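# Residue-level structural notes
Given next are the chains, with one letter for each unit.
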Amino acid sequence: MPNYLEMQGLTMATISGLLTATGAVTTYDTTVAIPFMIEGKLESKATVANGATPTTDYGTGAAFPALVGGASVANTPGTGVIVVWGLITGGTVKCMMGGVQKLDMQGKFVIAPQFPAIPEGVCPFAYQVLKAGATASATAIIFGTSNWNATGFTNVIVNVGVLPARPKVA
């Protein structure tokens, strides 16, 4: 006999929205509508073309900090971070940023970054692994403000139904 209580309060995206964030822009796209649930309540987000990327962290209310690259000082590797993209009731897109971590000279994380705290009522649908490497500007990479193709900036998107135990960064 199934245990119906296991599915109570489920928060998840049921289809990938195929989030993309590329090029000389600060906007994002989803090429597929995203049906999702928050605490079991069904919602849906229509596709987005050239959506404005959030510039403040939904979890903290603070503006996103700059990722520091190494271009201004020789042999400085840069920094990276994880940003989680989520939906709230009504289909509004929100972003939350984890703690900034240092990179080595090969652009790999010295200490693996963690997911940020996800506020109640947010359904994650993707996360990004963002890195401002050794060739990136020392102060110009700011999530939601800098172009996705800024020099030395890498951006890997992982579409999810629910967040894994920890981000995949390799």
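To start, this report covers the structure provided alongside it. (Residues numbered from 1 in each chain as written. Predicted model: local features only at pLDDT ≥ 70, side-chain atom pairs only at ≥ 80, totals over all residues. Heavy atoms only, no water.)

### A look at the overall build of the protein
Spelled out, the test is: Secondary structure elements follow DSSP: runs of H or I of four or more residues count as helices, runs of E of two or more count as strands, with numbering from the N terminus. Restricting the calculation to C-alpha atoms gives the radius of gyration, and the globule rule supplies 2.2 Å times the number of residues raised to the power 0.38. Whether a residue is buried, partly exposed or exposed follows from its accessible area with a 1.4 Å probe, protein chains only, as a fraction of its type maximum: under 20%, in between, or over 50%, in that order. For this analysis, residues touch if any pair of their heavy atoms sits within 4.5 Å. Shrake-Rupley sampling with a 1.4 Å probe provides the accessible areas, and residues are treated as covered by the protein chains on show and by no other component. Note that His is not counted, nor are the chain ends; the positive residues are Lys and Arg, and the negative ones are Asp and Glu. The atom standing in for a charge is NZ when the residue is Lys, CZ when it is Arg, CG when it is Asp and CD when it is Glu.
Broken down by element type, the protein carries zero helices and 13 strands. What you see for the protein is a C-alpha radius of gyration of 17 Å, in line with the 15 Å of a compact globule of 170 residues. Seen through its principal axes, the protein has C-alpha atoms that stretch 65 × 35 × 25 Å. Looking at the protein as a whole, 40% of its 170 residues qualify as buried. At a minimum sequence separation of 6, the contacts of the protein that also span at least 24 residues come to 63%. For the protein, the accessible surface area stands at approximately 8600 Å², while carbon and sulfur atoms represent 58% of it. Positive and negative side-chain charges of the protein, numbering 8 and 7 respectively, have mean locations separated by a distance of 10 Å.

### Here we look at the pattern of salt bridges
Keep this limit in mind: A pairing counts as a salt bridge when a side-chain nitrogen of Lys or Arg comes within 4 Å of a carboxyl oxygen of Asp or Glu.
By the definition in use, this model includes one salt bridge. A salt bridge links Lys41 to Glu43, with the nearest nitrogen and oxygen atoms 2.8 Å apart. Judged by relative accessible area, Lys41 falls into the partly exposed class, the value being 48%. Judged by relative accessible area, Glu43 falls into the buried class, the value being 14%.

### Here's the deal with the sheet that holds strand E3 (residues 27–30)
Put simply, the test is: Here, any two strands with at least 2 DSSP bridges between them count as paired.
Ordered in space as E2-E3-E6, the three strands form an open sheet in which the pairing is antiparallel. Edge strands, defined here as strands with exactly one partner in the open sheet, are strand E2 (19–20) and strand E6 (48–52). As judged from the two bridges shared by E2 and E3, these two strands associate in the antiparallel manner. Note that in E3 the partner of Leu19 across the bridge is Thr30.

### Some thoughts on the environment of Gly78
Along the chain, the position of Gly78 falls in the loop between strand E7 (66–67) and strand E8 (79–88). With a relative accessible area of 7%, Gly78 lands in the buried category. A sequence separation of 56 residues divides Gly78 from Ala134, and the C-alpha atoms of the two residues are 5.3 Å apart.

### Here's the deal with the pairing of strand E11 (residues 123–132)
Counted residue by residue, E11 has ten buried out of ten residues, so it is predominantly covered. Strand direction decides the pairing type here: E8 and E11, joined by nine bridges, are antiparallel. Paired with Val83 across the two strands is Gln128, which belongs to E11. Inspection of the sheet shows E11 paired to strand E13 (residues 153–159) by seven bridges, in the antiparallel sense. Residue pairing in the sheet places Ala132 in a bridge with Phe153 of E13.

### Here we look at the packing of aromatic side chains
Operational definition: Each Phe, Tyr or Trp ring (for Trp, its six-membered ring) is paired with any other whose centre lies within 6.5 Å, and the angle between the two planes then decides the class: stacked below 30 degrees, edge-to-face above 60, tilted in between.
Scanning the model with the defined rule gives five aromatic pairs in all. Ring geometry for Trp85 and Phe143: centres 5.9 Å apart, planes at 75°, overall edge-to-face. Placement of the pair is Trp85 in strand E8 and Phe143 in the loop between strand E12 (141–142) and E13, with a sequence separation of 58 residues. Under the relative-accessibility criterion, Trp85 is labelled buried at 0%. Taken together through their ring pairs, the aromatic side chains of Tyr28, Phe64, Trp85, Phe143 and Trp148 make up a single cluster.

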